Amino acid sequence: MIYNIAIDGPAGAGKSTIARRVAKELSFIYVDTGAMYRAMALYLLHKNVDRTNTEQIGEVCQNAEISIEYQNGEQIVLLNGENVNAYLRTEEVGNMASVSSAVPRVRKKLLSLQRKLAKDMSVVMDGRDIGTTILPDADVKIYLTASSLTRAKRRYLELQEKGTVCDLDNIQKDIEERDQRDMNREISPLRQAEDAVLVDSSDLTIEQVVDRILEIFRARTEEGASHES
């Protein structure tokens, strides 16, 4: 059986960390959608596209094939069959990803690639619009959130560990402003799918959130199996 789990939620809710853990527990593929956008940006850079020409970006991106697989326990992003992990985190790629991800034809192309992955194998995917747009038929949909103060504190501690001077109030303000932008954007706004289960991680550890999602998944899949039998 192939199963799909969609995890959506606002910035700083811990979606990627949780999604990776859940995927590992279930031996599913964790689909890093951000890495897929970066791989597309790398492809566009290789093709020397003009980042101001959205028509050219939309045309050139059609020839990129991007997939994800695991090799020796490590997630590998494949761009036209080549492992491109080593090139995805450069500033140049990040800047191009920021531009190209706003181009509708790029989003549409990646949407089809992400759906193909989900059709071919069991996946956990996280983002802002997985359950509402990318995988509307996912077996389990989770809306993972936490209070803006909790998310700000998490970010504050992350930055402190890196030795970055920061202000908690400013971080919380930035998070709240980003929430508003994400919820009100024109294409695929952030919202809880009608059939998604709300999980608030404000007072939960990572392990507790993972256990809660695994519980939900097992209950749903057992329920589905009993209906079929």
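Structure shown above.
The sections below set out a description of the structure shown in this document. From a predicted model like this one, the values you see are computed outputs, not experimental measurements.

Basis of the calculations
Per chain, residue numbering runs from 1 following the sequence as it is written. At least 70 in pLDDT is required for a residue's local features to be given in this predicted model, at least 80 for side-chain atom pairs to be given and counted, and no such filter applies to totals for whole chains, interfaces and linings, which use all residues. The side-chain figures draw on all heavy atoms in the structure; neither hydrogens nor water molecules are used. For Phe, Tyr and Trp, where Trp contributes only its six-membered ring, two rings pair if their centres lie within 6.5 Å, and the inter-plane angle classes them as stacked under 30 degrees, edge-to-face over 60, or tilted in between. Only DSSP runs of H or I covering at least 4 residues are called helices, and only runs of E covering at least 2 are called strands; the numbering of each starts at the N terminus. Throughout this description, buried means an accessible area under 20% of the type-specific maximum (1.4 Å probe, protein chains only), exposed means over 50%, and partly exposed covers the range between. Multiply 1.5 Å by the residue count of a helix minus one, and that product is the helix's expected span. Between N or O atoms, a polar contact is any pair within 3.5 Å; within protein, one atom must be a potential hydrogen donor and the other a potential acceptor, and residues adjacent in sequence are included only when both atoms are from side chains.

**Digging into the packing of aromatic side chains**
Here is step 1: As enumerated under the stated definition, the model contains two aromatic pairs in all.
Here is step 2: Residues Y3 and F217 carry aromatic rings whose centres are separated by 5.4 Å and whose planes lie at 90° to one another, so their mutual orientation is edge-to-face. Highlighted residues: Y3 in the segment before β1 (4–8) and F217 in helix α9 (residues 206–228), separated in sequence by 214 residues. Take Y3 and F217: they sit in the same class, and that class is buried.
Here is step 3: Ring centres of F28 and F217 lie 5.7 Å apart, and the angle between their planes is 85°; on these two criteria the pair is classed as edge-to-face. Within this pair, whereas F28 is found in the loop between α1 (15–26) and β2 (29–31), its partner F217 is found in helix α9, the two being separated by 189 residues in sequence. F217 matches F28 in its accessibility class, with the two residues each being buried.
Here is step 4: A network of ring pairs unites the aromatic residues Y3, F28 and F217 as a single cluster.

**Structural notes on helix α2 (residues 33–46)**
An α-helical turn contains 3.6 residues, so a residue and the one three or four places further along point in the same direction.
Here is step 1: Between its terminal C-alpha atoms α2 stretches 20 Å, which fits the 20 Å expected from 14 residues at 1.5 Å a residue.
Here is step 2: Counting buried positions along α2 yields 11 of 14 residues, so the element is predominantly enclosed.
Here is step 3: Taken as a whole, α2 has its buried residues at T33, A35, M36, Y37, A39, M40, A41, L42, Y43, L44 and L45.
Here is step 4: With a side-chain oxygen lying 3.2 Å from the backbone nitrogen of G34, the N-terminal cap of α2 falls on D32.
Here is step 5: At the C-terminal side of α2, N48 shows a positive phi close to 55°.

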